[in-house]
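Chain residues, written in single-letter form:
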Amino acid sequence: MYIFKAAVVGAGTMGGEIAQVITYAGLPVVLKDIDQEMLERGLAKARAIYQRRVDKGKMSVSDMEAKLDLITPTLTYDGFEDVDIVIEAVPENMEIKKAVFKELEEVCPEETIFASNTSALSISEMGAATNKPHKVIGMHFFNPASVMKLVEVIPGLDTSQETVDDVVMFAESLRKIPVVVQECPGFLVNRLLMPYLNEATKALEEGAATATEIDQAVVEWGMPMGPFTLMDMLGLDICADVGAYLYSEYGERMSPAPLFMKLVEAGRLGEKSGAGFYDHPGGESDEVHRMIKELQESGAVPTGTRFSVERLMFPLINEAALCVQEHIASITDIDMSMVAGTGMTYGGERMGPLAIADRIGLDVVVETLEKLEKELGPRFRPSRPLKLRVRAGHLGVKTGKGFHEYA
């Protein structure tokens, strides 16, 4: 099925970005919200993205206005009677998403695809709340959607292959890189990022290093930005919600750092609230230092632990190996998704976690994880796919075979 018209429900930051991406491909889109102020904010977000192109001389003002005219803002479901796909970008709450899909069933054609921009929640559960689960799918854009190329396409248990194929083709028409990911909590990229972000926060609250030191070390290692800069950009409330959900599904290896909730409870949600791990503007925060001291003095967190970049990055590699074992995505797609979704590099090359593990040596990764497990606990236990390859002598680049094969 070719998609001629789209709709986006929820005109927040992601909703406005997704609407802009759709219009940039020349397609009309209906942008809906229940709040006029949010609707205007979504339109302003789309306009700001185009305005940057005009300012750089990449687009004329008349072209910008023509693209913006493709967006129809609405507080009702007017205009939904002939849409081919609806992307919901409402808050990360399962009951809200189910309610939206029920409303959409009343106004959309039977053949309309219902896509969720959820970053972690179950597509199968959403589909079960509708009368057409074969038409329900995950379509997870990355923030900012106008820049990030990756789109995770997540079929639910009942999603038809036709729906998967249609959404992959639609994502490609938007000039995105679609990766089909088997459903699991957090899908692929967020599942891999959460142990890394948690571990960074634990190292910070335990006094192993400052936020600035950790961010700088990770950037030197190869990530485009440090974990605290990233979390402040994404929003700590969103990180906390996703983290709590993944902890409920995966257990102790995803246990959230106590500092997360202290920051959220204090209203320090990141850049959008003017304060998160850092003050914006201002950098390191005395208030965060005080929170860390309180956690340490209360005995809520251990102290005196050591920081290393491996402490953050190797749990991410370990989780990627588990995704291989569970057939969440292919080895190539796992690496490509982390490059396209996070800008991951190593040694100056764009490279995903499994290729990086091959470069370092899988034996070195396993030995380091085992040392960290003794020091810091079972969340570092090496996964079976890593240990299996080491036992087989598949150590990576140095033996010509690891997760990938090398000439």
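Everything below is about the structure shown above.
Residues numbered from 1 in each chain as written. Predicted model: local features only at pLDDT ≥ 70, side-chain atom pairs only at ≥ 80, totals over all residues. Heavy atoms only, no water.

Take the packing of aromatic side chains next. Applying the stated criterion across every chain yields a total of seven aromatic pairs. Taking the centre distance of 5.1 Å and the plane angle of 85° together, the rings of Tyr77 and Phe80 count as edge-to-face. A relative accessible area of 17% means that Tyr77 is categorised as buried. Aromatic side chains Phe228 and Phe277 sit 4.7 Å apart centroid to centroid with 55° between the ring planes, which places their arrangement in the tilted category. One end of the pair, Phe228, is in helix α9 (residues 227-234); the other, Phe277, is in the loop between α11 (258-265) and β9 (278-279), and 49 residues separate them in sequence. The exposure class assigned to Phe277 is buried, which follows from its relative accessible area of 1%. What links up through ring pairs into an aromatic cluster is the set Phe228, Phe260 and Phe277. Lying across the ring of Tyr77, Lys32 places its NZ or CZ 4.6 Å from the centre. If you follow Lys132 out to its NZ or CZ, it ends over the ring of Phe114, 4.0 Å from the centre. (Phe/Tyr/Trp six-rings, centres within 6.5 Å; stacked < 30°, edge-to-face > 60°. Buried < 20%, exposed > 50% of the residue type's maximum accessible area, 1.4 Å probe, protein only. Helix = DSSP H or I, 4+ residues; strand = E, 2+ residues; numbered from the N terminus. Lys NZ or Arg CZ within 6 Å of the ring centre and 35° of its normal.)

What follows concerns unusual backbone geometry. Cis geometry is adopted by the peptide bond preceding Pro144, which originates at Asn143 and carries an omega value of 0°. The residue Pro144 is located in the loop between β6 (136-141) and β7 (150-155) in this model. Cis peptide bonds are those with omega within 30 degrees of zero, and the linkage from His280 to Pro281 qualifies with -5°. By the secondary structure assignment, Pro281 is in the loop between β9 and β10 (283-284). Positive phi outside glycine occurs at Phe187, with the angle close to 55°. In this fold, Phe187 is placed in the loop between β8 (177-180) and α7 (189-205). Among the residues examined, Phe187 registers a relative accessible area of 0% and is labelled buried.

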